[in-house]
Amino acid sequence: MENGRNAADAARVVARALVYAVVGGVALLAVVTVGSVLGPMVVLDLATPAMAAWWTVFTAVAVQGIPFLLLGTVVSAAIGAFVPERVFRRVLPKNPALAVPVAGAAGAVLPGCECASVPVADSLMRRGVAPAAALAFLLSAPAINPVVLVATSIAFPGDPAMVGARLVASLATAVAMGWLWVRFGKEEWLPSVRRAGGGASGAVGWRGFRDGLQHDFLHAGGFLVLGAAAAATFNILVPRSLLDVFTGSPWLSVLLLAVLAVVLCVCSEADAFVAASLTGFSPTARLAFMVVGPMVDLKLVALQAGTFGRAFAVRFSAVTWVVAVVSSVLVGGWLL
């Protein structure tokens, strides 16, 4: 009888947590969506068209990220509350250098964007996974999952080489960053809580799931908003005439699109369509846009800073950008 009551209580706790998360996510998404429609109208009446454009870009980035952020926090809370550390020790090799490519390949099974990968990687570290393996998963999950690859094939019809190039370059970047962390990473670059077990509150079970879900969604959501605001500001301040200067040079075009991927903050499920529309740029430059974007953009840097600390986010994002550009150039020259 006691076990039955405990099971019923647990079911009520998780049901309530899921309802709160879904209702909160839907409410936030509804507010942002309504704001994206009414905001520019209000701003046009009160200020300038530039401010209306800023509001449109800001809400577009936020609307793209919120559903996947909710998905990621649900997965993160579930991992922290229910999955014991021994599961990861059995699945991943004990040697971090060998665990990195396994974790990178495992990123193909999570159909989410970069907003979802940060809280999941955070939870993996809390459950005892080596940081190098968790970071490889963080980078590969939004870049090589089936949804992204299918979207790329649709955006580039009749060009399977672009799909293959994206897969190879993204996976190579994720594995290379994991190995670089094995060789050069330092524990003090990550907060000590990252090595603690359990959810955000230290609890396990259904109550830990509820507490972790609430903490992760509210915490990461704030940094998503900051990243969206930064991306919108860049879109408004940088003139298009300046961008046209770079299209004539193959090398400058690669660097330009790699920078644009950082500031435009396009969701990984949609960035292939943006890249396909950039017909004035070389295939390698467009590949760089698709490889860099899911791994380094303003909202992702903000999420990493809020989750892992600013010192980590600055170092990790800068090195990832360089590795992703080099990988794109090498794979693009080989396959494209």
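Residues numbered from 1 in each chain as written. Predicted model: local features only at pLDDT ≥ 70, side-chain atom pairs only at ≥ 80, totals over all residues. Heavy atoms only, no water.

Novice: Would you take a moment to explain the environment of threonine 173 for this structure?
Specialist: As for its position among the elements, threonine 173 is in helix α8 (residues 160–184). Residue threonine 173 is classed as buried on the basis of its relative accessible area, which comes to 0%. Sequence separation of threonine 173 and glycine 104 is 69 residues, and the distance between their C-alpha atoms is 9.5 Å. In contact with threonine 173, other than residues within four places in its own chain, are Val291, Met295, Thr320, Val323, Ala324 and Ser327. Of note is the side chain of threonine 173, whose polar atom sits 2.8 Å from the backbone oxygen of alanine 169. (Helix = DSSP H or I, 4+ residues; strand = E, 2+ residues; numbered from the N terminus. Buried < 20%, exposed > 50% of the residue type's maximum accessible area, 1.4 Å probe, protein only. Contact = heavy atoms within 4.5 Å. Polar contact = N/O pair within 3.5 Å; in protein donor to acceptor, adjacent residues only side chain to side chain.)

Novice: So what exactly am I meant to see when it comes to the packing of aromatic side chains here?
Specialist: The geometry of an aromatic ring pair comes down to the distance between the two centres and the angle between the two planes. For the structure on display, the rule yields four aromatic pairs. Between tryptophan 181 and phenylalanine 312, the ring centres sit 5.8 Å apart and the planes meet at 70 degrees, which makes this aromatic pair edge-to-face. Within this pair, whereas tryptophan 181 is found in helix α8, its partner phenylalanine 312 is found in helix α15 (residues 310–335), the two being separated by 131 residues in sequence. Taken as a pair, tryptophan 181 and phenylalanine 312 share a single burial class, namely buried. Between phenylalanine 308 and phenylalanine 312 the ring centres are 5.3 Å apart and the planes differ by 65 degrees, which places this aromatic pair in the edge-to-face class. (Phe/Tyr/Trp six-rings, centres within 6.5 Å; stacked < 30°, edge-to-face > 60°.)

Novice: For this particular structure, what's the right way to read empty space enclosed by the protein?
Specialist: A water-sized probe rolled over the atoms picks out the places where empty space is left. Counted under the stated rule, the structure contains one cavity of 30 Å³ or more. Around the largest cavity, the lining residues are Ala261, Cys265, Val266, Asp271, Phe289, Gly293 and Asp297. Tallied by class, the residues present in the lining of the largest cavity amount to four nonpolar, one polar and two charged. (1 Å grid on protein atoms, 1.4 Å probe; cavity = no way out; pocket = protein on both sides within 12 Å on 5 of 7 lines; lining within 4 Å. Points joined across faces, edges and corners; volume = space filled by probe spheres on them. Nonpolar A, V, L, I, M, F, W, Y, C, P; charged D, E, K, R; others polar.)

Novice: Explain the nonpolar core here, please?
Specialist: As a rule of thumb, soluble globular proteins bury nonpolar side chains together. With 63 residues, the main nonpolar core has Phe156, Phe289, Val292 and Phe308 as its most contacted residues. In contact with phenylalanine 156, not counting residues within four places along its chain, are Met162, Ala272, Ala275, Ala276, Arg286 and Met290. (Core = buried A, V, L, I, M, F, W, Y, C linked by side-chain atoms within 4.5 Å.)

Structural measurements only, silent on function.
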